[in-house]
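Working through the structure, step by step
Listed below, chain by chain, are the residues.
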Amino acid sequence: MSIMEYNGGAVVAMKGKDCVAIACDRRFGTQQTTVAMDNTRIFKIHNKLYIGLGGLMTDVQTVGQILQFRHNLYRLREKRNMSPAAFTKVVSNLLYSKRFGPYFVDPIIVGLDKNDEPFVSSMDLIGATEISDNFACVGTTEDELYGICENLWNDKMEDKDLFETISQSLLSATDRDCLAGWGSVVYLIKKNSVEISELKARQD
Amino acid sequence: MSRGWMPYQNNGGTSIALAGKDYAIIAADRRLSVGYSIQTRESSKITKLTDKAVLASCGMQADRHTLHSVLTSRMQMYQLEHGKEMSTHAVSEMLSRTLYYRRFFVYYTFNILAGIDNKGEGFVYSYDAVGSFEAQKHAVNGDGGVLAVPMLDNFVMKKHRQLEDKTKEMTKDEALRLIKNTLNAVVEREITTGDAADIYVITKEGTTHEIFQLRKD
């Protein structure tokens, strides 16, 4: 079994008109056994920047915490928050520095830049970056998520529509993956607020 | 170091089917690929077995071709011996047995049989490579199957739709639109699916066939 599938899990992010959303499932398992149903793979960097990571859970936690630590130092030195584009480069750099002994994570970065423009980017475990116009999916449920996101996403979604679309996509996709599920957490990031919702799904 | 010779090959593609109250729709793309190359953009994965039953198979084209030929001749023999077409239930059982007959050198085909039964109700049966089958409301197969299935769960089975009336059935036109949208979505993200798709709509009145163009990249 691949190391990226050991703990299971799914993260998806979508761009809206003036907002972004990121969501993850809540399962944490060791191969077939479920160990926790209240796990989260999404880390807050600052009010308008979040990172979600698919892959091996220990590396998810390590990389998430390292990035929060690095941003805290950045904020002390620069007296401002990091932009999503710059943060993407930081993450990519961190991962490539471990090119021949990588962190087993697939990050997705979402945020609003200094003009409150939506931003979504994703990368593989060694830092190859893609800045998306629409959505990004990682995790064991990647294929299912690509299928349904491709169908449901459109470029005219306000916050309510975006929330509905990302929730239905993640819930429907993780239903078909035995390594991901047990509900989900959705972060809807708008100019002046962040809404965090916990969704109940099939508890298997 | 030689890897040996394998008698099987994956020719890619996707097939999707769904059953309604009095109709069934089955679709499969027409791309034939080996690895990263396309052999042809016009290879159909679907055969109409009777007026009421249509079969789509993903997997290996050679085995699909043989399987479909074998079944077509069995249909013809049945017609000549019994003076009528095989019933849909009998077709589904026969396919299962034909596949299991080759249990130890399987037909590398993943089959979906769709159509209407003798009462006029839509049905979909999906099979594994050795003939285990089950009646379902919708089925997918092939490399692009995993991309399509959450869409069908959401719209056909209305999963996660708390506020919707789950007893309301999908109409034939809504179902056709769903299939076309789903195919387009799969084609965007899955490399072995594309070019065009055969879409068969089976009703009591007969079977219509459409070749729906898809992205060719």
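Residues numbered from 1 in each chain as written. Chains lettered and ligands numbered in written order. Predicted model: local features only at pLDDT ≥ 70, side-chain atom pairs only at ≥ 80, totals over all residues. Heavy atoms only, no water.

Below, the discussion takes up the overall build of chain B. Secondary structure assignment for chain B yields four helices and 12 strands. Here the C-alpha atoms of chain B give a radius of gyration of 17 Å, agreeing with the 17 Å that 2.2 N^0.38 yields for 217 residues. Viewed in the frame of its principal axes, chain B has a C-alpha envelope of about 60 × 45 × 30 Å. Residue pairs at least 24 apart in sequence account for 60% of intrachain contacts in chain B once pairs closer than 6 positions are excluded. (Helix = DSSP H or I, 4+ residues; strand = E, 2+ residues; numbered from the N terminus. Rg over C-alpha atoms; globule rule 2.2 N^0.38 Å. Contact = heavy atoms within 4.5 Å.)

With that settled, the discussion passes to the side chain of asparagine 11 of chain B. Residue and element names in this part refer to chain B. Topologically, asparagine 11 is positioned in the segment before β1 (14-19). Asparagine 11 gets classed as buried once you look at its relative accessible area, which sits at 5%. Among the polar contacts listed, one links the side chain of asparagine 11 to the side chain of glutamine 9, at a separation of 3.3 Å. Residue contacts for asparagine 11: discarding those within four places in its chain leaves Arg31, Leu32, Ser33, Val34, Gly59, Met60 and Gln61. (Buried < 20%, exposed > 50% of the residue type's maximum accessible area, 1.4 Å probe, protein only. Polar contact = N/O pair within 3.5 Å; in protein donor to acceptor, adjacent residues only side chain to side chain.)

A few words now on the side chain of histidine 46 of chain A. Residues and elements named next belong to chain A. Within the secondary structure layout, histidine 46 lies in strand β5 (residues 42-46). Among the polar contacts listed, one links the side chain of histidine 46 to the backbone oxygen of methionine 82, at a separation of 2.8 Å. Apart from the residues lying within four places of it in its own chain, the contact partners of histidine 46 are His71, Arg75, Asn81 and Met82.

Residue and element names in this part refer to chain A. It is the contact of helix α1 (residues 57-78) with helix α2 (residues 84-96), at a shortest axis distance of 11 Å, that shows an interaxial angle of 130°. Our classification of the angle between α1 and α2 gives oblique. Handedness of the α1/α2 crossing: right-handed. In contact with Val63, Ile66, Leu67 and Arg70 of α1, α2 contributes Phe87, Val90, Val91 and Leu94. Class assignment of the residues belonging to the contact of α1 with α2 gives a composition of seven nonpolar, no polar and one charged. (Axes fitted to C-alpha atoms, helices over the stretch in contact; angles between N-to-C directions. Parallel < 35°, antiparallel > 145°, perpendicular 65-115°, else oblique. Left-handed = near helix turned anticlockwise from the far one by under 90°. Nonpolar A, V, L, I, M, F, W, Y, C, P; charged D, E, K, R; others polar.)

What follows is about the packing of aromatic side chains. Following the criterion strictly, the structure yields eight aromatic pairs over all chains and no others. Taking 6.5 Å as the distance between ring centres and 55° as the angle between the ring planes, the aromatic pair formed by phenylalanine 135 of chain A and tyrosine 146 of chain A counts as tilted. Residue phenylalanine 135 of chain A is located in strand β10 (residues 135-139), and its partner tyrosine 146 of chain A is located in helix α3 (residues 142-152); the two are separated by 11 residues in the primary sequence. Here the aromatic rings of tyrosine 125 of chain B and phenylalanine 133 of chain B are separated by 5.5 Å at their centres, their planes lie at 75°, and the arrangement is edge-to-face. Looking at phenylalanine 133 of chain B, the relative accessible area reads 26%, which means it is partly exposed. Taken together, Tyr8, Phe105, Tyr108 and Phe110 of chain B form an aromatic cluster joined through their ring pairs. Sitting over the face of the ring of phenylalanine 105 of chain B, arginine 102 of chain B holds its NZ or CZ atom 5.0 Å from the ring centroid. (Phe/Tyr/Trp six-rings, centres within 6.5 Å; stacked < 30°, edge-to-face > 60°. Lys NZ or Arg CZ within 6 Å of the ring centre and 35° of its normal.)

Function cannot be inferred from these measures alone, as they are strictly geometric.
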